[in-house]
Amino acid sequence: MAAWSCRFLLLRGTRVISLRAAAESPVQSLSSIRTVKTTTWFEEHLTDENQEYMRKSIAEEFRRQTAEKLNPLKDEPWPRKEWTEGSRRVGLVAVKLGMAPVWTKAGERHVVTMLQVQDCHVIKYLSKEEYDGHTAALVVGGKNASPFQIYEKELEMFRNAGVPPKQKITTFKVSDNALIKPGTPLYAAHFRPGQYVDITAKSIGKGFQGVMKRWGFKGQPASHGQTKTHRRPGASGPGGDPAKVFKGKKMPGRMGNTYITSHGLKIWRVNTKYNVLYVNGSVPGHKNCLVKVRDTVLPTKSSTLLNPPFPTYFTEEDGDLDEDLYDEDMFIHTEPSLTLT
């Protein structure tokens, strides 16, 4: 609990003196400065041995919960339905690792972003009435977090699903035939090479920026009568008729730190051992940030969803896959690049 405390300082002119020094001199004024103490942490009053024991026990409990949910179909699974055109599957929560180059068989070079799916589980099912009245939804969480840094109300949701607390939880709209039982793990094999996805993440914050950096304005001349207006936006153009500046005008302001969605990114490779997706191009967000990956909504790219794992990839029924799944146009470095006839 946060505790409030007050300490009294005696002011004499412009100098601040202590209570002991004030006893020897006349006092001119008395003021109170209020400070806030930090919240008490769970390990603040524990010894080093107890802290180490608690962290080990929590880690073992998380591993046990994760291992129990690796086979979700063993205990009363929800009925699975067939995929139909227009079905909407659930998405994933992944961690942005970085970028790397790949090459096609034709010699073209592409830059990909590596996204790792870490401890991703379905947390909760929301019916149409609970969500928005139009479609059902699934709450998905990714990357385990410490239970001491999450509110008790949120912990109850994770306990009901039987999974460890998560750093990131998000909601995906799904169709009625794509429902998944809470507690089911989600893997990178949920997507396949050649498929197009949409990725949403919070962009890197740039702070308060001018119009040249924020909107790409050309700026004004560097000389010939310009006086301290080289990077300024110039006239905002309201005129006398509207007598106002319209909302949405491109002006200086805070740049970045907003959620951005990149549409239609192709998946070149899927590593099933480490649950890594190799997505074409750049992805919003900084390194190690959590992103939201789902099937693309672009109508021109929807033809890649003809036969996806539906409603998701299950290790019990779908069987083991190869360690690496490649797109048919991607060059594999373990294969020879030249063949002699």
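This text follows the structure it describes.
Notes on the structure in this doc start here. In this text, all values refer to a predicted model and were calculated from it rather than measured experimentally. (Residues numbered from 1 in each chain as written. Predicted model: local features only at pLDDT ≥ 70, side-chain atom pairs only at ≥ 80, totals over all residues. Heavy atoms only, no water.)

### Quick look at the packing of aromatic side chains
Here is step 1 of the chain: In the structure shown here, the tally under the stated rule is one aromatic pair.
Here is step 2 of the chain: When the ring of Tyr187 is compared with that of Tyr313, the centres are 6.2 Å apart and the planes differ by 80 degrees; the resulting orientation is edge-to-face. Separated by 126 residues along the polypeptide, Tyr187 in the loop between strand S9 (185-186) and strand S10 (196-202) and Tyr313 in the loop between strand S15 (290-295) and helix H5 (315-318) bring together distant segments of the chain. When sorted by exposure, Tyr187 lands in the same class as Tyr313, which is buried.
Here is step 3 of the chain: The ring of Trp268 is capped by Lys266, whose NZ or CZ atom sits 4.2 Å from the centre of that ring.
Here is step 4 of the chain: Lys301 extends its terminal NZ or CZ atom over the ring of Tyr196, reaching a point 4.5 Å from the ring centre. (Phe/Tyr/Trp six-rings, centres within 6.5 Å; stacked < 30°, edge-to-face > 60°. Helix = DSSP H or I, 4+ residues; strand = E, 2+ residues; numbered from the N terminus. Buried < 20%, exposed > 50% of the residue type's maximum accessible area, 1.4 Å probe, protein only. Lys NZ or Arg CZ within 6 Å of the ring centre and 35° of its normal.)

### Quick look at the nonpolar core
In summary, soluble globular proteins display a tendency toward joint burial of nonpolar side chains.
Here is step 1 of the chain: Ranked by size, the top nonpolar core spans 34 residues in total, and within it Ile199 and Val291 carry the most contacts.
Here is step 2 of the chain: At the level of secondary structure, the elements contributing two or more residues to this core comprise strand S4 (92-103), strand S6 (120-126), strand S7 (136-144), strand S8 (166-174), S10, strand S13 (259-271), strand S14 (276-280) and S15.
Here is step 3 of the chain: Examining the composition of this core, we find that four residues originate from one element, S4, more than from any other.
Here is step 4 of the chain: Apart from the residues within four sequence positions on either side, Ile199 is in contact with Leu115, Ile260, Thr261, Ser262, Leu265, Val279, Val283, Val291, Lys292 and Val293. (Core = buried A, V, L, I, M, F, W, Y, C linked by side-chain atoms within 4.5 Å. Contact = heavy atoms within 4.5 Å.)

### Quick look at the side chain of Thr104
Here is step 1 of the chain: Tracing the backbone through its elements, the reader meets Thr104 in the loop between S4 and strand S5 (109-116).
Here is step 2 of the chain: Not counting residues up to four positions away in its chain, the partners in contact with Thr104 are His110, Trp268, Asp329, Met330 and Phe331.

### Considerations on the pattern of salt bridges
Here is step 1 of the chain: One pass over the full model with this rule turns up six salt bridges.
Here is step 2 of the chain: Between Lys128 and Asp176 there is a salt bridge; the shortest N-O distance is 3.4 Å. Residue Lys128 is located in the loop between S6 and S7, and its partner Asp176 is located in the loop between S8 and S9; the two are separated by 48 residues in the primary sequence.
Here is step 3 of the chain: Here Asp176 falls in the partly exposed class, since its relative accessible area comes to 43%.
Here is step 4 of the chain: The salt bridge involving Arg159 is made with Glu156; its shortest N-O contact spans 3.4 Å. Residue Arg159 and its partner Glu156 are located together in helix H3 (residues 152-161), separated by three residues, close to a single helical turn.
Here is step 5 of the chain: For Arg159, a relative accessible area of 47% translates into the label partly exposed.
Here is step 6 of the chain: What makes Glu156 partly exposed here is its relative accessible area of 40%.
Here is step 7 of the chain: One salt-bridge network, held together by shared partners, links Glu152, Glu156 and Arg159. (Salt bridge = Lys/Arg side-chain N within 4 Å of Asp/Glu carboxyl O.)

### Some details on the sheet that holds S7
Here is step 1 of the chain: Across the sheet, four strands lie side by side as S8-S7-S6-S9; this open sheet has antiparallel pairing. Edge strands, defined here as strands with exactly one partner in the open sheet, are S8 and S9.
Here is step 2 of the chain: Direction of pairing for S6 relative to S9: antiparallel, over a ladder of two bridges. Bridging across to S9, His121 finds its partner in Pro185.
Here is step 3 of the chain: Contacts from H3 reach S6 and S8 within the one sheet, and its direction differs from that of S6 by about 100 degrees. (Pairing = 2+ DSSP bridges. Axes fitted to C-alpha atoms, helices over the stretch in contact; angles between N-to-C directions.)

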